[in-house]
Amino acid sequence: MDVTYKQLIEFHRARIEAGCVAEAGTSQVFRNQMSTLHGYLACYRKTTDGNVGRELRGSIEEKIADYLAALGQQPKTLSDKRSHLRAWKSSFELLEQRLTSHTPTPTTFNQALRVAVAATGLAPKTLAKQCHISTSAMQRWIAGAKPNRTTLPALRRLENALGLTRGTLEGLLGGHFDTTADTTPQPMEIEYRHRLRERVTDRYLLKAEQFLPSLASEWRELLIYKTSTHPRLQRRSGAMWRLLPLTAIQNRPSPLTQVHGLGCTSADAMLGRLRAYWGYLRREVADGGSGLPDSHAQTLASLVVPEWVEGFMQFMKRRAQGKTHQSHAVFASIVVSLVNPEVGYLAQRPELYQRLPIEATQGRPWERLCHETLLLARAWKRAAQDVSRDPSLPIQPLLSLAEPLAPILRTVSRLDQAAAAALPGSVQQAIHRRDALLISLALVNPLRLRTLTLITYRGNTGNLYQRGHEWRLRFQGNDFKNDRGSRQDKYDARVPGLDERIEEYLVEYRPVLIKHCPDCPYLFPSTRSLDGKHTGLHRVIEKITKQYIPEVLSFGPHAFRHLVASAYLKAHPKDYLTVAQLLHDELTTVMSHYAHLSADDAFDRHAEHIAKLKHHRGD
């Protein structure tokens, strides 16, 4: 079917005004895109008075490249024109589909819905919001699910928005409503997340602004001891805390953990645990705390009172539904390191004894308090065997699929589609392209969140660099120093299959995201922070998985790594060495986390063997 440029221009203008292509300044955007179209058509000796021809049909990337090469303009101008022409191409395909959608007539609910939605030129998510319909329900209906009877009002609103006669879509259901369509696949509620939501409203940690001057001073002395090259007190070999530039730290550390403008991630982690402990000590007894006054609770010396430490451990256990888990082990390790009789910081600070009330010491000398607390902490550390949260639970629906990573590839495709539907050159388009690269990179190079956040691009001197025509990632061994279970050697690996995507992102989209901060070194920048560092990439991944993977509630970077590793081992049982390379983890770490998969495979093979025996016996 022939499509005239007059039809295309009106349709494209309507898409912009409807908000599915533009966000603001739409009239100027439309004029700019018209200017680009006129120039492009002139190259083919055509005008907007004719029909759309080969210049916008089929693959046009080479045609666009030839046209732009002939212009000889600045890279930014050429990038804008490329985006404009891609937008015209997108509108043409949608318009052509709309004009031909009446033949053949869709025979199923899902086919009719897909055709009608495509004819509007709107993204399904945008249309769902306009009709006050759940975006996840819209996605499931388009994918093949049927609505249930409770959604009939929403379905009728949708018919009206699509310009369909009332009952058009409902009639295609033939009265066969799916009683589970709007709840399937509905992932099960995860107990840990439920507990976490409850805790958000119950913040008991001691805030930095609540520190007594005496506690702030004590903490400062501990920080100097742990970060000094040659401290006055004894310190275990290898126990020195590393100070880093703030640009090399994922989240800006508290001022309490900074020394001369440098930050300490180890100090930040410990202080977080201690703030919880001190918060518990001053918490009202009726709320499960110890009810101590600040003058007693706010001191490092409180960590050598075994009864107080025991109370905190029990408090955490109650909040974890009776589980003794990793948080117990971490806090116990902190206490053990501080009261160790040979090199423990508190063991060497007996003058702090005077900060404790008599009812806490019960006449016991400092050395005995340290010894009793040491034994107690070691006992809790040994007992911490329970799992508070299972990293596989959020992704269990995907692990049960024949191809667990297929939804990830589908998500990247959906993000690309969202970018194509966005206003060319807009921040929203650049964000979609950034997120598509982020998910793609996490799939082929499943790095930890901290590493993903801090990936730099500085020409060929950053973490991301180009060797020949291939893109690679490199890190120094100490970049992984604070990652438990990771290898500490250098990392230099290819980024397979993403060369074209990376180049397109760096040239066209990343510059849009760093306009406010041209010197931003980060590969995945934020448009909101002054230095461009994105401290919320975990929320970005959680939002993406929630929006585009209906099989799950959502999951973050840690579960993403677990998914990649589990999917690989599902296809290549016992190949732990490859997984260790992919995750940049120690082999022992990988085997301790994934050895159970071998047991599962063994039992599966055993079950198959029994099934074959039954078949031969005729059972």
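Rules and cut-offs
- Residues numbered from 1 in each chain as written.
- Predicted model: local features only at pLDDT ≥ 70, side-chain atom pairs only at ≥ 80, totals over all residues.
- Heavy atoms only, no water.
- Buried < 20%, exposed > 50% of the residue type's maximum accessible area, 1.4 Å probe, protein only.
- Helix = DSSP H or I, 4+ residues; strand = E, 2+ residues; numbered from the N terminus.
- Arc of directions from axis to C-beta.
- Contact = heavy atoms within 4.5 Å.
- Pairing = 2+ DSSP bridges.
- Core = buried A, V, L, I, M, F, W, Y, C linked by side-chain atoms within 4.5 Å.

As annotated in an unreviewed UniProt entry, the chain is Tyr recombinase domain-containing protein from Crenobacter cavernae.

Colleague: Help me out: how do you make sense of helix H8 (residues 152-161) in this one?
Modeller: Owing to its 3.6 residues per turn, the α-helix aligns residues three or four sequence positions apart on the same side. Restricting attention to buried positions, one finds in H8 the residues Leu152, Ala154, Leu155, Leu158 and Glu159. Projection of H8 onto a plane perpendicular to its axis shows the buried side chains occupying an angular sector of 155 degrees, all on one side. Looking at the buried side of H8, the elements it contacts are helix H5 (109-120), helix H6 (124-130), helix H7 (135-143) and helix H9 (168-172).

Colleague: Sorry, what's going on with helix H3 (residues 61-71) here?
Modeller: Listed as buried for H3 are Ile64, Tyr67 and Leu68. Down the axis, H3 shows its buried residues gathered within 95 degrees of arc, on one side only. Pointing more than 90 degrees away from the buried face of H3 are the exposed residues Glu62, Asp66, Ala69 and Ala70. Of the residues trailing H3, Gly72 is marked for its positive phi of about 65 degrees.

Colleague: How should I be thinking about the sheet that holds strand E2 (residues 258-259) in this particular structure?
Modeller: The strand order across the open sheet built from three strands is E1-E3-E2, with neighbouring strands paired in antiparallel fashion. This sheet does not close on itself; its edge strands, each paired only once, are strand E1 (244-245) and E2.

Colleague: Looking at this model, I keep getting lost on the nonpolar core. Mind explaining?
Modeller: Side chains of nonpolar character tend, in soluble globular proteins, to be buried together. Core analysis: the largest hydrophobic core is formed by 54 residues, its most contacted members being Trp278 and Phe331. For this core, the element with the highest residue contribution is helix H12 (residues 265-282), accounting for nine residues. Contact partners of Trp278, with chain neighbours within four places excluded, come to Leu206, Phe211, Leu215, Leu271, Ala297, Thr299, Leu300 and Ser302. In terms of nonpolar packing, the next biggest core, distinct from the first, is built from 48 residues, Ile439, Ile455, Tyr509 and Leu523 among them.

Colleague: I keep staring at the pairing of strand E5 (residues 470-475) and nothing clicks. Help me out?
Modeller: Looking along a regular strand, one sees side chains alternate from face to face of the sheet. Of the pairings in the sheet, the one linking strand E4 (residues 464-467) to E5 comprises four bridges and is antiparallel in character. By the bridge assignment, Arg467 is partnered in E5 with Glu470. Where E4 hands over to E5, the hairpin turn is made up of two residues, of which Gly468 adopts a positive phi near 65 degrees. Across four bridges, the pairing between E5 and strand E6 (residues 491-494) is antiparallel. Within the sheet, the bridge partner assigned to Arg474 lies in E6 and is Asp492.

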